[in-house]
Amino acid sequence: SFTILPARDPLAAAAAYVAARPALAAFLSDKPWRDELTPLFATFGGGLAERLEGQPALWTHNDWHPSNLLWATDGSVSAVFDFGLAGPTCAIHDLATAIERAVIPWLEIAEGDENASPDINAARGILAGYQREMPLDTELLVRLLPLVHLEFALSEVDYFAGVVGDRDQADLAWQGYAIGHADWFRSAAGQGFMDQLAHWAAA
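Let us look at the structure shown here.

Cut-offs and rules
Residues numbered from 1 in each chain as written. Predicted model: local features only at pLDDT ≥ 70, side-chain atom pairs only at ≥ 80, totals over all residues. Heavy atoms only, no water. Helix = DSSP H or I, 4+ residues; strand = E, 2+ residues; numbered from the N terminus. Buried < 20%, exposed > 50% of the residue type's maximum accessible area, 1.4 Å probe, protein only. Patch = residues over 30% accessible without salt bridge, like charges linked within 9 Å, V, L, I, M, F, W, Y side chains within 5 Å. Areas by Shrake-Rupley, 256 points an atom, 1.4 Å probe, with all protein chains shown as cover. Salt bridge = Lys/Arg side-chain N within 4 Å of Asp/Glu carboxyl O. Lys, Arg positive; Asp, Glu negative; His and termini not counted. Charge placed at Lys NZ, Arg CZ, Asp CG, Glu CD. Phe/Tyr/Trp six-rings, centres within 6.5 Å; stacked < 30°, edge-to-face > 60°.

Here's the deal with unusual backbone geometry
Here comes step 1: Within the chain, Asn62 stands out as a residue other than glycine whose phi angle is a positive 70 degrees.
Here comes step 2: Position of Asn62 relative to the elements: it lies in the loop between β1 (57–60) and β2 (69–71).
Here comes step 3: Classification of Asn62 by relative accessible area gives buried; the value is 9%.
Here comes step 4: The phi angle at Asp82 is positive, at roughly 60 degrees, despite the residue not being glycine.

Some remarks on a negative patch on the surface
Here comes step 1: A surface patch of negative charge is lined by Glu108, Glu111, Asp113 and Glu114.
Here comes step 2: Residue position: Glu108 is located in helix α6 (residues 106–110).

Observations concerning the pattern of salt bridges
Here comes step 1: Enumeration according to the criterion identifies eight salt bridges in this entry.
Here comes step 2: Across the salt bridge formed by Lys31 and Asp171, the nearest N and O atoms sit 3.0 Å from each other. With Lys31 in the loop between α2 (22–28) and α3 (33–44) and Asp171 in helix α10 (residues 167–184), the pair connects residues that are 140 residues apart, well separated along the chain.
Here comes step 3: Here the salt bridges share partners, and the residues they tie into one network are Arg8, Glu50 and Glu53.

So, the packing of aromatic side chains
Here comes step 1: Under the counting rule described, the total for this entry stands at six aromatic pairs.
Here comes step 2: Each ring, one from Tyr159 and one from Phe160, has its centre 5.1 Å from the other, and the planes form 65 degrees; the classification is edge-to-face.
Here comes step 3: Phe160 sits in the buried class, given a relative accessible area of 17%.
Here comes step 4: Their ring planes at 80 degrees and their centres at 4.9 Å tell us that Trp184 and Phe185 sit as a pair that is edge-to-face.
Here comes step 5: Trp184 sits in the buried class, given a relative accessible area of 10%.
Here comes step 6: Accessibility expressed as a relative area gives 0% for Phe185, which makes it buried.

Everything listed here is a matter of coordinates, which is why it stays silent on function.
Printed below as a string of structure tokens:
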């Protein structure tokens, strides 16, 4: 879904999202989740809603990454599949999701691999390919990157806490994914990645 980041008060929108999902609300009831989200919105959310208002709404894939594509022998994409997360967002949200999922080695980062770093060339390739077809507000995309995963992460917490009943996986989805991914963008590595993308776009 795409209800939190476009909201002028994202914390209130997050509270509404949580309240509408009993399993998620129960899981978070003993956690200071508002205190954890507040600094992330303060760091990355300022002015984001206003910028997103100008983006045309459309149905998007919402899980676009290389393993959800079929590839021809010449390296071109022959088909896109797995539309289970498709929903009404905007093109820039889908592109930011693709970059956040596909070019940052989250598993290696979580394991403490000091040499793990985003594939900046892959990110540039995604954006350059899109820009060959139509204009792209790359500045907005870079600003969206640190929080673009948030609603999907919350849905993962809800799934593990409610459908599966696995609190350990729900904890991982909350702390490692929802909070951890956004926190990484506040690190030197995360800031450097965003700076590289921004500088490339401005060149």
